[in-house]
Amino acid sequence: MRSDQTRPTLPDQARSQCRQPIRRQQINLQVPVNLSQVHCSHHSLLSTLSPHTTHPHLSSLALPMYSKITEASWFEWNPKLVAALVALLDKQGEQCQSEALISETISKLGNKERELVQFHCQLVESHSKRSSKCGFDRACTYLHQLLQNSSSVYVKRRAFESMVGGLCAMDRPGEADELIEEMRVEGLKASFFEFRSVVYGYGRLGMFEEMLKVVEKQGFGADTICCNMVLSSYGAHNELAAMANWLRNMKDSSVPFSIRTYNSVLNSCPTIMAMLQEPKAVPCSVGELSGVLDGDEALVVKELVGSAVVDEAMVWDSAEAKLDLHGMHLGSAYLVMLEWFEAMGNRFKSAECVVPAEVVIVCGLGKHSSVRGESPVKDLVKEMMHQMESPMRIDRKNVGCFIAKGRAVKDWLC
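Owing to the predicted nature of the structure, the values given are computational and were not obtained by experimental measurement. (Residues numbered from 1 in each chain as written. Predicted model: local features only at pLDDT ≥ 70, side-chain atom pairs only at ≥ 80, totals over all residues. Heavy atoms only, no water.)

## Some words on the overall build of the protein
Phase 1 of the analysis: Looking only at helices and strands, one finds 21 helices and 5 strands in the protein.
Phase 2 of the analysis: With 414 residues in all, the protein has 47% of them scored as buried.
Phase 3 of the analysis: Total accessible area computed for the protein in this model is approximately 21,100 Å², and 50% of it derives from carbon and sulfur atoms. (Helix = DSSP H or I, 4+ residues; strand = E, 2+ residues; numbered from the N terminus. Buried < 20%, exposed > 50% of the residue type's maximum accessible area, 1.4 Å probe, protein only. Areas by Shrake-Rupley, 256 points an atom, 1.4 Å probe, with all protein chains shown as cover.)

Here it is in structure tokens:
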């Protein structure tokens, strides 16, 4: 930090509040004495601090629990933990307590610029997760002062990155866009992270003109991740025609599709998603599916079919032909399977085809499903195999897979 400049300080009101000591509520907690208890206590505290906790009535215990844990010999100070607690207290209207924690942390860190910027970046993130405008703005004000007073490129870059990401999360992408310009003035080049945050921030709000300006200005039209953000934004606002046009542009520009491309697009197709809720009689070929889709939804599927995504998800050799559906949402798994059946049929009809010993579909056990242990993708595959009278059955050695002999699958498809 420059010696001729003072360290940024909290606003006057906050300073007066910070003079008040933190109220250490009394709570009957046992300090853990072994590793399992330590893990349990830490997990319990994190659960009370989470904005998505399933037990919000326990959030009042967060401060006394934190105070008790800090007394333990094994406790290691963690800026992320303190920031999350500050944001919770601020959201609960305990501004005096939250500002006292901030003041205590600033005193603890002294002139350690890197630690200070990390702490306030965590504050920005924690407040943005709770959509706490006042707390967020205060954190950004301090962070902005910190970067102005610092000569460290690291400090400046971390501060800008945090504020840009936070503003976009708070649905303020215009301000984030202005910060990127300020970065340029400071001699810093914004990273893909900042630009992608702004692209998605505009897109989430339906500000497509501003979103596309950033994409075109930065040349992100050739970036699959950024293109997927555009597709997701169109999908969130049911702009299927714009989505189909964007897919066409990606193909014309040789921008590769990914599994996320399929996920972003097919999650937004109402007819397909409605059919898959009760997959008792879903179309079992790409042709049949195209026949039941109308208008823009049909155009979207037409643009997806034939991409390299199926080839990338498939293994084919003399030992096995395997399709891996990991990472695919329900609509993506459905369309990819239809394309896979078609691709396998064409291969089997080739005179040069080597028939694999086994054919396998990997769909997983539902570990990442909204209901753990229940796999909608597995249920869909099972239903489709039944409808199509396929020889493929659940593998007794791995219930997350369907398996059949290669010769049996060839006879079925051909």
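## Overview of the sheet that holds strand β3 (residues 358-362)
Phase 1 of the analysis: Strands sit in the order β1-β2-β3-β5-β4 across an open sheet of 5 strands; the sheet is mixed. Each edge of the open sheet carries a strand with a single partner, namely β1 (314-316) and β4 (393-394).
Phase 2 of the analysis: Sheet topology places β4 next to strand β5 (residues 401-405); 2 bridges connect them, and they run antiparallel. Across the sheet, the residue bridging to Arg393 is Ile403, located in β5.
Phase 3 of the analysis: The sheet contacts of helix α20 (residues 376-387) involve β3, β4 and β5, and relative to β5 the element is tilted by about 30°. (Pairing = 2+ DSSP bridges. Contact = heavy atoms within 4.5 Å. Axes fitted to C-alpha atoms, helices over the stretch in contact; angles between N-to-C directions.)

## Concerning the side chain of Glu297
Phase 1 of the analysis: Among the secondary structure elements, Glu297 is positioned in helix α17 (residues 295-304).
Phase 2 of the analysis: Arg248 provides the closest opposite charge to the buried, salt-bridge-free Glu297, at an N-O distance of 15 Å.
Phase 3 of the analysis: A polar contact of 2.8 Å, which involves the side chain of Glu297, links it to the side chain of Thr271.
Phase 4 of the analysis: Those residues within four positions of Glu297 in sequence are excluded, and the remaining contacts are Leu240, Cys269, Pro270, Thr271 and Ile272. (Lys, Arg positive; Asp, Glu negative; His and termini not counted. Salt bridge = Lys/Arg side-chain N within 4 Å of Asp/Glu carboxyl O. Polar contact = N/O pair within 3.5 Å; in protein donor to acceptor, adjacent residues only side chain to side chain.)

## Here we look at the confidence of the model for the protein
Phase 1 of the analysis: Counting all residues, the mean pLDDT for the protein is 86, and 85% of those residues have values of 70 or more.
Phase 2 of the analysis: Mean pLDDT values over the elements of the protein span from 47, in helix α1 (residues 12-18), up to 96, in helix α14 (residues 259-266). (pLDDT = per-residue confidence, 0-100.)

## Quick notes on unusual backbone geometry
Phase 1 of the analysis: Even without glycine at this site, Asp171 takes up a positive phi of about 60°.
Phase 2 of the analysis: Within the fold, Asp171 resides in the loop between α8 (153-169) and α9 (173-185).
Phase 3 of the analysis: You can call Asp171 partly exposed: its relative accessible area is 40%.
Phase 4 of the analysis: In this structure, Ser254 is a non-glycine residue whose phi angle is positive, near 60°.
Phase 5 of the analysis: Within the element layout of this structure, Ser254 appears in the loop between α13 (240-252) and α14.

## Some words on the nonpolar core
Phase 1 of the analysis: With 117 residues, the main nonpolar core has Ile272, Leu325 and Met384 as its most contacted residues.
Phase 2 of the analysis: Those residues within four positions of Leu325 in sequence are excluded, and the remaining contacts are Ala333, Val336, Met337, Ile361, Val362, Cys363, Val377 and Val381. (Core = buried A, V, L, I, M, F, W, Y, C linked by side-chain atoms within 4.5 Å.)

## Structural notes on the pattern of salt bridges
Phase 1 of the analysis: As enumerated under the stated definition, the model contains 16 salt bridges in all.
Phase 2 of the analysis: In this structure, Lys133 and Asp137 form a salt bridge, with 2.9 Å as the shortest nitrogen-oxygen distance. Of this pair, Lys133 and Asp137 both sit in helix α7 (residues 133-149), 4 residues apart, roughly one helical turn.
Phase 3 of the analysis: Glu209 serves as the salt-bridge partner of Lys213, at 4.0 Å between the closest nitrogen and oxygen.

## Remarks on the packing of aromatic side chains
Phase 1 of the analysis: Taken as a whole and judged by the stated rule, the model has 4 aromatic pairs.
Phase 2 of the analysis: Measuring from centroid to centroid gives 5.8 Å for Trp340 and Phe341, while their planes differ by 40°, and the two rings are tilted. The burial state of Trp340 is the same as that of Phe341; both residues are buried.
Phase 3 of the analysis: On the basis of an interplanar angle of 85° and a centroid distance of 5.7 Å, the ring pair of Phe341 and Trp412 is categorised as edge-to-face. Of the two residues, Phe341 sits in helix α19 (residues 330-349) while Trp412 sits in helix α21 (residues 406-413), which places them 71 residues apart along the sequence.
Phase 4 of the analysis: Following the ring pairs from residue to residue traces out a cluster consisting of Trp340, Phe341 and Trp412.
Phase 5 of the analysis: Against the face of Tyr154 rests Arg114, its NZ or CZ located 4.0 Å from the ring centre. (Phe/Tyr/Trp six-rings, centres within 6.5 Å; stacked < 30°, edge-to-face > 60°. Lys NZ or Arg CZ within 6 Å of the ring centre and 35° of its normal.)

## Things to note about the pairing of β5
Note on strand geometry: in a regular strand, side chains alternate between the two faces of the sheet.
Phase 1 of the analysis: Here β3 runs beside β5; their pairing, made up of 5 bridges, is antiparallel. By the bridge assignment, Ile361 is partnered in β5 with Phe402.

## A few points about the state of the cysteines
In a disulfide, the sulfur atoms of two cysteines are held together by a covalent bond.
Phase 1 of the analysis: Using the criterion set out here, one finds 0 disulfides in the structure.
Phase 2 of the analysis: The structure places no disulfide on Cys363, whose sulfur is separated from the nearest cysteine sulfur, that of Cys401, by 6.7 Å. (Disulfide = S-S within 2.5 Å.)

## Considering a nonpolar patch on the surface
Phase 1 of the analysis: A contiguous nonpolar surface patch, about 210 Å² in accessible area, is contributed by Leu365, Ile394 and Val399.
Phase 2 of the analysis: Relative to the helices and strands, Leu365 resides in the loop between β3 and α20.
Phase 3 of the analysis: The class of Leu365 is partly exposed, set by a relative accessible area of 39%. (Patch = residues over 30% accessible without salt bridge, like charges linked within 9 Å, V, L, I, M, F, W, Y side chains within 5 Å.)

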